[in-house]
Amino acid sequence: MTGSVCTDLCHASGGAAMHLKKYLLKGLHRLQKGPGYTYKELLVWYCDNTNTHGPKRIICEGPKKKAMWFVLTLLFTSLVCWQWGLFIKTYLNWEVSVSLSIGFKTMDFPAVTICNASPFQYSKVQHLLKDLDTLMEAVLGRILGPELSQVNATTALNLSIWHHTPLVFINEQNPHHPVVLDLFEDNFNGSASSSPAPGRPCSARRCKVAMRLCSHNGTTCTFRNFSSATQAVTEWYTLQATNIFAQVPNQELVAMGYPAERLILACLFGAEPCNYRNFTPIFHPDYGNCYIFNWGMTEKALPSANPGTEFGLKLILDMGQEDYVPFLTSTAGARLMLHEQRSYPFIKEEGIYAMAGMETSIGVLVDKLQRKGEPYSQCTKNGSDVPIQNLYSSYNTTYSIQACIRSCFQEHMIRECGCGHYLYPLPDKRKYCNNQEFPDWAHCYSALRISMAQRETCIYACKESCKLLGTSPPLPPCLLPPVSPKDCDWIFHVLSQERDQSSNITLSRKGIVKLNIYFQEFNYRTIEESAANNIVWLLSNLGGQFGFWMGGSVLCLIEFGEIIIDFVWITIIKLVALAKSVRQKRAQARYDGPPPTVAELVEAHTNFGFQPDSAMPGPDAGAYRREQNPPIPGTPPPNYDSLRLQPLDVIESDSEGDAI
């Protein structure tokens, strides 16, 4: 029974293969209507029927002209393929063209962010900076030299701050053996030569001032050199102040800054008066309390339809520079920035200064840059495809590359140093760096700050915004015009009365800043990218080259595609025939002589005694006859000796009356 089942399966598979081959042959013949069943016949048929110039002459001319036309056709086909490759390569470069338009139209007035150059009022942070300021005065005394120092030698110094990150002198009179000296010690055992230089003590005029940064309890130290002692002292003080402010809650820092009612004395937008209540407060770590006009977060952005100062924003600000932090701020005035609505103001990187005692006019020309997205550039529309967590998303602002780069740096800072820097927002459940909890943070921060690998990683990960808005540079500031005391006094009397309810003048002329922000005669400049080579350009050039060199068209390409399909059909048929011939050869190899007849196979598989299948003999009839019992009388099956299994040639004529 098992043998008969296997035989039936073999016959069924052979029949299915035969029908598949016949179907493929029929389908091929109906597709090409007479080209034939070989590769040569297909090529001859194609050359005789195609509309492309050249191939037809190959089969119609004499031997010499056939060779000539074959060479010409091959040459022009190569030229067409070469030109096509160039055009496709140019298209895949995704080049863009830039269009520039300029003019004036009614636009939303840009958001204006103003900050005081001093982040805090010294009267409110003096208790936090008392020890640091005293130490700073002593440092300046050592740098200036004993002859210029005015520091009281008996003043008690909090050297715990100093020992964590000290400043040192580096005497390089002998470049091969530099001498490193601590400002408050006789020598420092951390250089090639720790002996102090003979003679006069070292000072900033003869030695370089550097900052010593250590980690792992002082076992690993580096020196950060500066070209000027002023830079060294400023960086050192800023680093120590950062450590102090990082430990103060944000609500207290806001209370220590300049309030809006003291900073903004007068405000006028066009013909409409405004005041500090029209500004949105925001705390900036570098500049303390900042205030944004026309930010568009909770109210609709204000438009402006006319150019000139009369239709812009006018501000009078009091910087209160008499209460500046002495060593933290070296510039008196306002820091301001013009930016798009609902965007975070990175005022330290992109802002400008308006000096105290001066009037600054800013004629606004809005630059709008519209980039093409993928695949023309690697810009992003909203930052959702950037793999960096935007730490500024809590402000509900739009994406910018500055936010991404600063978020990326904070991410590296947390991963490498274990804490976040005070100048950047913090992720959840993280702490700012300080000397008490993270004693090695200054060394780690300095190494990360100068790391090229960190910069390249962040620049590679962050993408530019597809839509960018900027403003033109402001006009240069001018001094407030000189006036007589009588002309000047009434202005300051009025401003003092409005702010402090005082009959006396409480404002200093040197601390006043006047700002005029308005649209120029042309208030917008749009730079828009468009595809330099689109699909229409590509198809036009491909068709032009094909038609010029070979007189072809799209229909010729369809004809060529038809021949490719015919080639595939013939290849499949040949593979099927090859597989069948291999299978037939394997079947014939099982027998020594000719294949058995149908009668022999039927007789070999007939169970005359109704015996179990396990006792069933094989196809050897002689062995079966020797072992079987005398047969029961009955009618034997017919003996069809004339029917033999022969290979079937399935290649038939494809007349219209044939059926599959």
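Worth saying up front: this structure is predicted, and the values here are computed from it rather than measured.

Rules used in this analysis
Every chain begins its residue count from 1, and numbering advances along the sequence as written. Selection of residues for local features in this predicted model requires a pLDDT of at least 70, selection of side-chain atom pairs for listing and counting requires 80 or more, and totals for whole chains, interfaces and linings are taken over all residues. Side-chain measures were taken over the full set of non-hydrogen atoms in the model, leaving aside hydrogen atoms and water. Labels follow the DSSP assignment, with helices taken as runs of H or I lasting at least four residues and strands as runs of E lasting at least two, numbered in each case from the N terminus. Each residue is placed in one exposure class: buried if its accessible area under a 1.4 Å probe, protein chains only, is under 20% of its type's maximum, exposed if it is over 50%, and partly exposed if it falls in between. Contact criterion: two residues are considered in contact whenever any of their non-hydrogen atoms come within 4.5 Å of each other. Calculation of accessible area relied on Shrake-Rupley with a 1.4 Å probe; when residues are assessed, cover is drawn exclusively from the protein chains displayed. Here the expected length of a helix is defined as 1.5 Å per residue gap, with one fewer gap than residues. Note: two strands are recorded as paired if DSSP finds a minimum of 2 bridges between them. Simply put, an axis is a line fit to the C-alpha atoms, just over the touching stretch for a helix, and the angle between two N-to-C directions goes from 0 to 180 degrees. Should an angle fall under 35 degrees it is called roughly parallel, over 145 degrees roughly antiparallel, and 65 to 115 degrees roughly perpendicular, with every other angle called oblique. Note: crossing handedness is left-handed where the near helix turns anticlockwise from the far helix by less than a right angle, and right-handed where it turns clockwise. For this classification, the nonpolar set comprises Ala, Val, Leu, Ile, Met, Phe, Trp, Tyr, Cys and Pro, the charged set comprises Asp, Glu, Lys and Arg, and every other residue, Gly included, is treated as polar. Working definition: rings of Phe, Tyr and Trp (its six-membered ring) pair if their centres are within 6.5 Å, and the pair is stacked with planes under 30 degrees apart, edge-to-face with planes over 60 apart, and tilted otherwise. Both a distance and an angle decide whether a charge sits over a ring: NZ of Lys or CZ of Arg must be within 6 Å of the ring centre and within 35 degrees of the ring normal. Any Lys or Arg side-chain nitrogen found within 4 Å of a carboxyl oxygen on Asp or Glu counts as a salt bridge. We call a pair of cysteine sulfur atoms a disulfide when they lie within 2.5 Å. The definition of a polar contact used here is a pair of N or O atoms within 3.5 Å, where within protein one atom must be able to donate a hydrogen and the other to accept one, and adjacent residues in sequence count solely through side-chain atom pairs.

## What about the overall build of the protein chain?
From N to C terminus, the protein chain includes 18 helices and 19 strands. Buried residues in the protein chain amount to 37% of all 660 residues. The contacts of the protein chain with a sequence gap of at least 6 include a subset with a gap of at least 24, amounting to 72%. Accessible area for the protein chain stands at about 38200 Å²; split by element, carbon and sulfur atoms hold 58% of it.

## Things to note about helix H11 (residues 401–417)
For H11, built from 17 residues, the straight-helix expectation of 24 Å at 1.5 Å per residue is met to within 8% by its first-to-last C-alpha distance of 24 Å. Residues Ala403, Cys404, Arg406, Ser407, Cys408, Phe409, Gln410, His412, Met413, Ile414 and Cys417 constitute the buried set of H11. At its buried positions, H11 is contacted by helix H10 (347–350), helix H12 (441–449) and helix H13 (452–461). Count one or two residues on from H11 and you reach Gly418, which has phi positive near 85°.

## Section: the sheet that holds strand E10 (residues 279–284)
Spatial ordering of the open sheet is given by E10-E11-E3-E14-E15, a layout of five strands whose pairing is antiparallel. The outermost strands of the open sheet, each flanked by one partner alone, are E10 and strand E15 (352–355). Recorded for the sheet is a direction-independent mean angle of 30° between the axes of neighbouring strands. As paired elements, E10 and strand E11 (residues 288–293) share six bridges and run antiparallel to each other. Bridged to Ile282 within E11 is Cys290.

## Structural notes on the packing of helix H2 (residues 39–49) against helix H16 (residues 554–588)
Interhelical geometry of H2 versus H16 gives an angle of 170° and a closest axis separation of 10 Å. One element, H2, and the other, H16, form an angle in the roughly antiparallel class. Remark: the crossing between H2 and H16 carries right-handed chirality. Contacts between H2 and H16 involve Tyr39, Leu42, Leu43, Trp45, Tyr46 and Asn49 from the former and Glu559, Phe560, Glu562, Ile563, Asp566, Phe567, Ile570, Thr571 and Lys574 from the latter. Classifying every residue of the contact of H2 with H16 gives nine nonpolar, two polar and four charged.

## Here we look at the packing of aromatic side chains
Enumeration according to the criterion identifies 24 aromatic pairs in this entry. For the ring pair Phe109 and Phe269, a centre distance of 5.2 Å and an interplane angle of 75° mean the geometry is edge-to-face. Taken together, the residues span a long stretch of sequence, with Phe109 in the loop between strand E2 (107–108) and strand E3 (111–116) and Phe269 in strand E8 (residues 264–269) at a distance of 160 residues. Look at Phe109 and you get buried, because its relative accessible area is 0%. Members of the aromatic cluster, each reached through a chain of ring pairs, are Phe109, Phe269, Phe279, Phe293 and Phe519. The ring of Tyr524 has Lys105 lying over it, and the distance from NZ or CZ to the ring centre is 4.8 Å.

## Notes on the sheet that holds strand E7 (residues 220–225)
Reading across the sheet, the four strands line up as E5-E4-E6-E7 and stay open at both edges, with antiparallel pairing between neighbours. What marks the edges here is a single partner per strand, and that holds for strand E5 (179–182) and E7. Averaged over all pairs of adjacent strands, the angle between their axes in this sheet comes to 40°, without regard to strand direction. Where H12 meets the sheet, its contacts fall on strand E6 (208–215) and E7, and the angle it forms with E6 comes to roughly 115°.

## Examining the environment of Ile362
If you trace the backbone, Ile362 turns up in strand E16 (residues 358–370). Residues Ile362 and Thr471, spaced 109 residues apart in sequence, show a C-alpha to C-alpha distance of 9.7 Å.

## Focus on the pairing of strand E13 (residues 313–318)
Of the strand pairs in this sheet, E8 and E13 are connected by five bridges, and their pairing is antiparallel. What sits directly across from Ala266, in E13, is Ile316.

## Overview of the pattern of salt bridges
Where side chains of opposite charge bring their charged atoms close, a pairing between them can arise. Considering all chains together, one arrives at 10 salt bridges under this definition. A salt bridge links Glu235 to Arg449; the nearest nitrogen and oxygen atoms lie 3.6 Å apart. With Glu235 in helix H7 (residues 229–245) and Arg449 in helix H12, the pair connects residues that are 214 residues apart, well separated along the chain. Judged by its relative accessible area of 27%, Glu235 is partly exposed. For the salt bridge of Glu310 with Lys314, the shortest nitrogen-to-oxygen distance reads 3.6 Å. Looking at Lys314, the relative accessible area reads 27%, which means it is partly exposed. One connected set of salt bridges, linked through shared partners, spans Arg224, Glu235 and Arg449.

## Re the state of the cysteines
Applying the stated criterion across every chain, the model contains eight disulfides. Bridging Cys404 to Cys462, the disulfide has an S-S length of 2.0 Å. Here the S-S torsion is close to -90°, and the disulfide linking Cys404 with Cys462 is therefore left-handed. Here Cys404, found in helix H11, pairs with Cys462, found in the loop between H13 and strand E17 (467–471); they are 58 residues apart in sequence, far enough to count as distant. According to the relative accessible area criterion, Cys404 is buried, its value standing at 4%. A sulfur-sulfur distance of 2.1 Å marks the disulfide that ties Cys408 to Cys458. Judged by the torsion about the S-S bond (-85°), the Cys408/Cys458 disulfide is left-handed. Here Cys408 is found in helix H11, whereas its partner Cys458 is found in helix H13, with 50 residues between them in sequence. Per residue, the accessibility class of Cys408 equals that of Cys458, and both read buried.

## A word on the environment of Ser78
Position of Ser78 relative to the elements: it lies in helix H4 (residues 63–92). On the basis of relative accessible area, Ser78 is assigned to the partly exposed category, the value being 40%. Each C-alpha atom of the pair Ser78 and Trp549 lies 9.9 Å from the other, and the pair is 471 residues apart in sequence. Among the polar contacts listed, one links the side chain of Ser78 to the backbone oxygen of Leu74, at a separation of 2.9 Å.

## A closer look at the side chain of Gln410
You can see Gln410 is positioned in helix H11. Residue contacts for Gln410: discarding those within four places in its chain leaves Leu391, Gly420, His421, Tyr424, Pro425, Leu426 and Tyr432.

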